[in-house]
Amino acid sequence: MKEINLDSIAFNSLITREDILKSVTQEDVFSFYLGEDISSLGVYHSPLREDNIPSFALYFHRINRNVLMFKDFATGACGDFVVLVMKMFDLSYGEAMKKIAFDMGLSQ
């Protein structure tokens, strides 16, 4: 993936999760970063590490059924699509939001 300078991108500095979800779905974001279609929930190869046996699960939060979550069973990492991008690229929350918006073609 091409390296980008997130500070050079003209984005609303207060971009939110809801802003992103107005244009793309959680499934779209997870599919992009997993590098495969996630048309069904299940277990995939982890994008966070070398993973020969799929051990990265996608599921809907048990209380808020509208939030798609991940769990990496080898590392214990879990969260939503923003947390995934934070962990994949070692970014802060704000940097991850900018990266997602950029990668999803939502630049302003």
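Described in the following lines is the structure provided in the data block.

**Here's the deal with the overall build of the chain**
The helix and strand inventory of the chain stands at four helices and four strands. Starting at the N terminus, the α and β elements of the chain follow one another as α-α-β-β-β-β-α-α. Residues classed as buried in the chain amount to 40% of the 108 residues present. Long-range pairs, those at least 24 residues apart, make up 45% of the contacts in the chain with a sequence separation of at least 6. For the chain, the exposed surface amounts to about 6400 Å²; the carbon and sulfur share of it is 51%.

**Some words on the sheet that holds strand S4 (residues 78-79)**
Pairing within the open sheet is antiparallel, and its four strands lie in the order S1-S2-S3-S4. Two strands close off the open sheet at either side, each with one partner strand: strand S1 (43-44) and S4. Where S1 and strand S2 (residues 56-60) come together, two bridges link them in antiparallel fashion. Paired with Val43 across the strands is Ala57, a residue of S2. Seen against the sheet, helix H2 (residues 26-34) touches S1, S2, strand S3 (68-72) and S4 and runs at an angle of roughly 30° to S3.

Definitions and cut-offs
Sequence order sets the numbering: in each chain, residues are counted from 1 along the sequence as written. Where local features are concerned, this predicted model is filtered to residues with pLDDT of at least 70; where side-chain atom pairs are given and counted, the filter is 80 or more; whole-chain, interface and lining totals use all residues. With hydrogens and water stripped out, all remaining heavy atoms of the structure feed into the side-chain values. A run of DSSP states H or I qualifies as a helix once it reaches four residues; a run of E qualifies as a strand once it reaches two. Both are numbered from the N-terminal end. Classification of residues uses two cut-offs on accessible area relative to the type maximum, computed with a 1.4 Å probe and protein chains only: under 20% is buried, over 50% is exposed, and between them is partly exposed. We call two residues contacting when some pair of their heavy atoms lies within 4.5 Å. The accessible surface values rely on the Shrake-Rupley method and a 1.4 Å probe; as for residues, cover is taken only from the protein chains in view. By definition, two strands form a pair when at least two bridges between them are found by DSSP. Every angle, taken between N-to-C directions, lies between 0 and 180 degrees, and every axis is a line fitted to C-alpha atoms, over only the stretch in contact when it is a helix.

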